[in-house]
Every structure is written in structure tokens, then in C-alpha cells.
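Examination of the molecular architecture
If you want the building blocks of each chain, they are given just below.
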Amino acid sequence: AKQARASASGSSTPTTVLAVDTFLGDVRTLWLLPHEERKRLLRPDGTVSLYERFRANVRRAGQADVIVPLPATSVVALRL
């Protein structure tokens, strides 16, 4: 999302980047990580905190005004 924003930054047209993802992770994201990192991503109820991490990273990069996360599958996002 940050790279897409950087690519559009030279444009005079206001740009919004819609970041479509389920924010659920995959095998590599969750189960191949070191135990301590996995503990930081998994909540006690088994859900994943990737959405919150993504939003925090966007805010930290100062891009919250242009990068909008959309927690959905690509098929659902295409239908919106």
C-alpha cells in the first residue's frame, strides 16, 4: 500500500489506496514464525491481530489519510 501511494504521489489528482485483504494470515504468516512472534499475532481466542498491526503500520508511516484497509476477500471487494 505504501508503494502504491508513493507511485501516485507525483500526481496532482488526490489518491486513495484501498488495501483489500482478509487480514487472516496464511500458513507462512502464522505457523512458520518463531514462537514469540506468533504469540504477538494470535489472540487468546485464536483470532489474528493482523488488521490492527496493518493499521498501526499505516498510521506510523503517516499514511492513514490515504490508505484505507478493507477487510474482505478480493471477490467481495470486486462486487462492492
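Every value quoted in this text rests on a predicted model; they were computed, and no experiment measured them. (Residues numbered from 1 in each chain as written. Predicted model: local features only at pLDDT ≥ 70, side-chain atom pairs only at ≥ 80, totals over all residues. Heavy atoms only, no water.)

Further remarks concern the overall build of the protein. Helix and strand content of the protein: 5 helices and 2 strands. Secondary structure elements of the protein, listed N to C terminal, follow the sequence α-β-α-α-α-β-α. Within the protein, buried positions represent 24% of all 80 residues. Counting only contacts in the protein whose residues sit at least 6 apart along the sequence, the fraction spanning at least 24 positions is 53%. On the protein, roughly 5,900 Å² of surface is accessible, and the fraction owed to carbon and sulfur atoms is 56%. (Helix = DSSP H or I, 4+ residues; strand = E, 2+ residues; numbered from the N terminus. Buried < 20%, exposed > 50% of the residue type's maximum accessible area, 1.4 Å probe, protein only. Contact = heavy atoms within 4.5 Å. Areas by Shrake-Rupley, 256 points an atom, 1.4 Å probe, with all protein chains shown as cover.)

Before going further, it helps to examine the environment of Tyr 51. With respect to the secondary-structure elements, Tyr 51 resides in helix 4 (residues 50–60). Sequence separation between Tyr 51 and Pro 69 is 18 residues; the distance between their C-alpha atoms is 8.1 Å. Ignoring anything within four residues of it in the chain, the contact list for Tyr 51 reads Phe 23, Pro 69 and Pro 71.

Moving on, we get to unusual backbone geometry. Positive phi is not limited to glycine here, since Phe 23 has a value of about 55°. For Phe 23, the location among the structural elements is in the loop between strand 1 (17–21) and helix 2 (27–31). Exposure remark for Phe 23: the relative accessible area of 9% places this residue in the buried category.

Right, let's get into the pattern of salt bridges. Using the criterion set out here, one finds 4 salt bridges in the structure. With its nearest N and O atoms 2.4 Å apart, the salt bridge here joins Arg 40 to Glu 37. Taken together, the residues span about one helical turn, with Arg 40 and Glu 37 both in helix 3 (residues 35–41) at a distance of 3 residues. Glu 52 serves as the salt-bridge partner of Arg 43, at 2.7 Å between the closest nitrogen and oxygen. Judged by its relative accessible area of 30%, Arg 43 is partly exposed. Counted as one network, the salt bridges with shared partners bring together Glu 37, Arg 40 and Arg 53. (Salt bridge = Lys/Arg side-chain N within 4 Å of Asp/Glu carboxyl O.)

Turning our eyes to something else, we now look at the packing of aromatic side chains. Tallied over the full model, the rule gives 2 aromatic pairs. Here the aromatic rings of Phe 23 and Tyr 51 are separated by 5.3 Å at their centres, their planes lie at 80°, and the arrangement is edge-to-face. Of this pair, Phe 23 sits in the loop between strand 1 and helix 2 while Tyr 51 sits in helix 4, placing them 28 residues apart in sequence. Classification of Tyr 51 by relative accessible area gives partly exposed; the value is 25%. (Phe/Tyr/Trp six-rings, centres within 6.5 Å; stacked < 30°, edge-to-face > 60°.)

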